[in-house]
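Structure at a glance
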Amino acid sequence: MKDYQMPKNFLWGGAIAANQAEGAYKVEGKGVSLADLHKYYPDKTNAEIAEEQHKGMSLADVKANMADKEGYYPKRHGIDFYHTYEEDLELLSEMGFKNFRTSIDWTRIFPTGDEEEPNEAGLAYYDRLIDKIISLGMEPIITILHYETPVGITLNYGGWNNRKVIDLFVKYGKVVLDRYKDKVNYWIVINQVNLIQFEPFNSTAIPYDTVDNYMEASYQAVHNQFVACALLKEYAESINPEMMIGTMMADCTAYPYSCDPNDVNLALRRNRMQYFYTDVQFQGEYPQYALNYFTENDVHLEITEEDKQILKDHPMDYLALSYYYSQMVDSTKNDMNLLSLTPNPNLKANPWGWAVDPQGLYNSLSQYWDRYHKSIIIAENGFGMYDKLEDGKVHDDYRISYLSEHIAQMKRAMYDGVDVIAYCAWGPIDIISCSSAQMEKRYGFIYVDLDNEGKGSGKRIKKDSFDWYKQVIATNGEEL
């Protein structure tokens, strides 16, 4: 292992999402996305905020948050990346970034999701952004949908469980694939397609009180997303077969609490229902264990013969994986519900309860590689923390420690044969938290002087981790 050399063409870099960074709410024709409805709750604990996210939104919540009557909606403001992207990208380039992952916001292109023609002003913005990324020597990794479904899809179609949304999304996807087919080599169709329990509304756009069987509607939404991904893969092959079209998973696999066969069996069954997503998108069909699970849980999906054929004929090219922490299940306390977990007594956690486990990344990379032998992009990996700005500096040794230990485990997996082609540190510049809508849950190498309510100078300040990551890239991972 000590003699292992990283590939010379390895893509070091970082990732953000449009909805967490851009701001510019309703600027140049932008519509309202699901993320724009995410309110900041100053009086709630981190656990209470997480519970809100897991619950999703009712239709009344959607309409109330659309009305803008009260509260602060941080993702409408972001860090103003829409206007500051040139300077921000130049800071990342200073670190030596070889890749930069971001998303195209669907609502900048089709504001309500079903317009006849795309919004040219939105496309012109992404023209400038992608050209800037490329001009700085970075490989753009573009996500077509990162929790930016237009609210019009919810209000007019009920969400992703409506099959009409497949065509609307494919229309949007074809527009951006056509536009950037000669500039973008790596595409992620849908961000973290498996998070229907952790972030249900973000994932499916379905208000929980508008369907009789929310679980069934959620899995139907996922199926419709599978079909949309395959249709866009088919289209990409026709316009530029060199483009790589990937699917993305958030790692939600779990350890058994003990060697008790009941614990081992529960972990196995839960983990298979995580691999189900990639089984469908890589192997082209629904595995029997998943079909059994649906039957046992009164989930009846509309799957046509045409759906089966498109899934079989157009599997995804690679896996994009986000990894932050590991999970554990105890059969005496937990069940098949992904939100039912037991804290691991061997691990320490951050203030949001995310257990720090670098070896978990090695485990997950190895399991996915052994199962599929598909190339992997680590699309997100990072450490959220309350950073302190003291005398104009941020000393974030805890972030350096977290990232260096995870990169070491990535290298260990690569040494064992896993084909990892890129590493994207999450939030290389501070952005709004996806889950909590907090600004003060920071991940970046660059501090942004804004608080949870958007107050501050917006000034960019290099943290200690800035120079550390610069050295990691300069030595191609030799110096961690």
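Residues numbered from 1 in each chain as written. Predicted model: local features only at pLDDT ≥ 70, side-chain atom pairs only at ≥ 80, totals over all residues. Heavy atoms only, no water.

**Structural notes on the pattern of salt bridges**
Where we set the bar: We define a salt bridge as a side-chain nitrogen of Lys or Arg found within 4 Å of a carboxyl oxygen belonging to Asp or Glu. Helix and strand definitions follow DSSP, with helices as H or I runs of at least four residues and strands as E runs of at least two, each counted in order from the N terminus. Residue exposure (1.4 Å probe, protein chains only): buried if accessible area is under 20% of the type maximum, exposed if over 50%, otherwise partly exposed.
Per the stated rule, a full pass over the model turns up 24 salt bridges. Residues Asp131 and Lys183 are paired through a salt bridge, measuring 2.7 Å at the closest nitrogen-oxygen approach. Of this pair, Asp131 sits in helix 6 (residues 120–135) while Lys183 sits in the loop between helix 8 (164–180) and strand 4 (186–190), and the two are 52 residues apart along the sequence. Classification of Asp131 by relative accessible area gives partly exposed; the value is 36%. Note that Glu237 is salt-bridged to Lys233, the shortest N-O span being 2.5 Å. Within this pair, Glu237 and its partner Lys233 are both found in helix 10 (residues 214–239), separated by 4 residues, close to a single helical turn. According to the relative accessible area criterion, Glu237 is partly exposed, its value standing at 31%. Each of the salt bridges in this network shares a partner with another, and the network as a whole consists of Asp387, Asp396, Arg399, Asp430, Arg442 and Lys463.

**What to know about the packing of aromatic side chains**
Rules: In this scheme Phe, Tyr and Trp rings, the latter by its six-membered ring, pair at centre separations within 6.5 Å, and the angle between planes marks the pair as stacked below 30 degrees, edge-to-face above 60, and tilted otherwise. We count a charge as sitting over a ring when the NZ of a lysine or the CZ of an arginine lies within 6 Å of the ring centre and within 35 degrees of the ring normal.
Counted according to the given criterion, the structure contains 37 aromatic pairs. Taken together, a centroid distance of 4.1 Å and an interplanar angle of 25 degrees make the contact between Tyr82 and Tyr125 stacked. Here the residue Tyr82 occupies a position in helix 4 (residues 81–94), and Tyr125 occupies one in helix 6, the gap between them amounting to 43 residues. For Tyr82, a relative accessible area of 5% puts it in the buried group. Among the aromatic residues, ring-to-ring pairing joins Tyr219, Phe226, Phe276, Tyr277, Tyr286, Tyr293 and Phe294 into one connected group. Stacked on the ring of Tyr362, the Lys or Arg Arg412 has its end atom at 3.7 Å from the ring centre.

**Notes on the side chain of Ser364**
Going by this rule: Here a polar contact is recorded for every N or O atom pair within 3.5 Å, except that within protein the pair must consist of a potential hydrogen donor and a potential acceptor, and residues adjacent in sequence are included only if both atoms are side-chain atoms.
Looking at where Ser364 falls in the secondary structure, it is placed in helix 14 (residues 358–372). Here Ser364 falls in the buried class, since its relative accessible area comes to 2%. Among the polar contacts made by the side chain of Ser364, one reaches the side chain of Asp251 at a distance of 2.8 Å.

**Describing the pairing of strand 9 (residues 376–381)**
Looking along a regular strand, one sees the side chains alternate between the two faces of the sheet. Test applied: Paired strands, in this sense, are two strands between which DSSP finds at least two bridges. A clockwise course of the path from the first strand over the helix to the second, judged with the strands pointing away from the viewer, identifies a crossover as right-handed.
Taken across its 6 residues, strand 9 has 6 buried, putting it largely inside the fold. Pairing of strand 7 (residues 318–322) with strand 9, which is carried by 4 bridges, proceeds in the parallel orientation. In the sheet register, Leu319 faces strand 9, and the bridge partner there is Ile376. Direction of pairing for strand 9 relative to strand 10 (residues 420–426): parallel, over a ladder of 4 bridges. Opposite Ile376, over in strand 10, you have Val420 as the bridge partner. Handedness of the strand 9-helix 15 (residues 397–415)-strand 10 crossover: right-handed.

**With respect to the environment of Asn363**
Locating Asn363 in the fold gives a position in helix 14. Residue Asn363 is classed as partly exposed on the basis of its relative accessible area of 28%. A C-alpha to C-alpha distance of 40 Å links Asn363 and Phe110, two positions 253 residues apart in sequence.

**Let's talk about unusual backbone geometry**
Excluding glycine, residues mostly carry a negative phi; peptide bonds, for their part, are mostly trans. Look at Gln192: it is not a glycine, yet its phi comes out positive at around 45 degrees. In this structure, Gln192 sits in the loop between strand 4 and helix 9 (200–204). The class for Gln192 is buried, based on a relative accessible area of 7%. Residues other than glycine seldom take positive phi values, yet Asn476 does so here, at roughly 50 degrees. Locating Asn476 in the fold gives a position in the segment after helix 16 (464–474). Of the residues examined, Asn476 reaches a relative accessible area of 17% and is grouped as buried.

**What about the sheet that holds strand 2 (residues 99–103)?**
We count it as follows: Only C-alpha atoms enter the line fits that serve as axes; for helices the fit covers just the stretch in contact. Angles between N-to-C directions range over 0 to 180 degrees. When checking whether two residues touch, look at their non-hydrogen atoms; a contact exists if any pair is within 4.5 Å.
Around the barrel, which closes on itself, the 8 strands sit in the order 1-2-3-4-5-7-9-10 with parallel pairing between neighbours. This sheet shows a mean twist of 25 degrees between the axes of neighbouring strands, independent of strand direction. With 3 bridges connecting them, strand 1 (residues 11–15) and strand 2 associate as parallel partners. If you follow Ala15 over to strand 2, its bridge partner there is Arg101. Together, strand 1 and strand 10 form the strand contacts of helix 16, whose direction differs from that of strand 1 by roughly 150 degrees.

**What about helix 2 (residues 46–55)?**
Threshold: This arc corresponds to the set of directions leading from the helix axis out to the C-beta atoms.
By the burial criterion, the buried members of helix 2 are Asn46, Ile49 and Gln53. Looking down the long axis of helix 2, one finds its buried residues gathered within 60 degrees of arc, a one-sided arrangement. Exposed residues pointing more than 90 degrees away from the buried face of helix 2 are listed as Ala47 and Glu51. On the buried face of helix 2, the contacting elements are helix 9. Count one or two residues on from helix 2 and you reach Gly56, which has phi positive near 90 degrees.

**Details of the environment of His395**
With respect to the secondary-structure elements, His395 resides in the loop between strand 9 and helix 15. What makes His395 partly exposed here is its relative accessible area of 45%. Through-space distance from the C-alpha of His395 to that of Gly122 is 38 Å; in sequence the pair is 273 residues apart. A distance of 2.7 Å separates the side chain of His395 from the side chain of Asp464, its partner in a polar contact.

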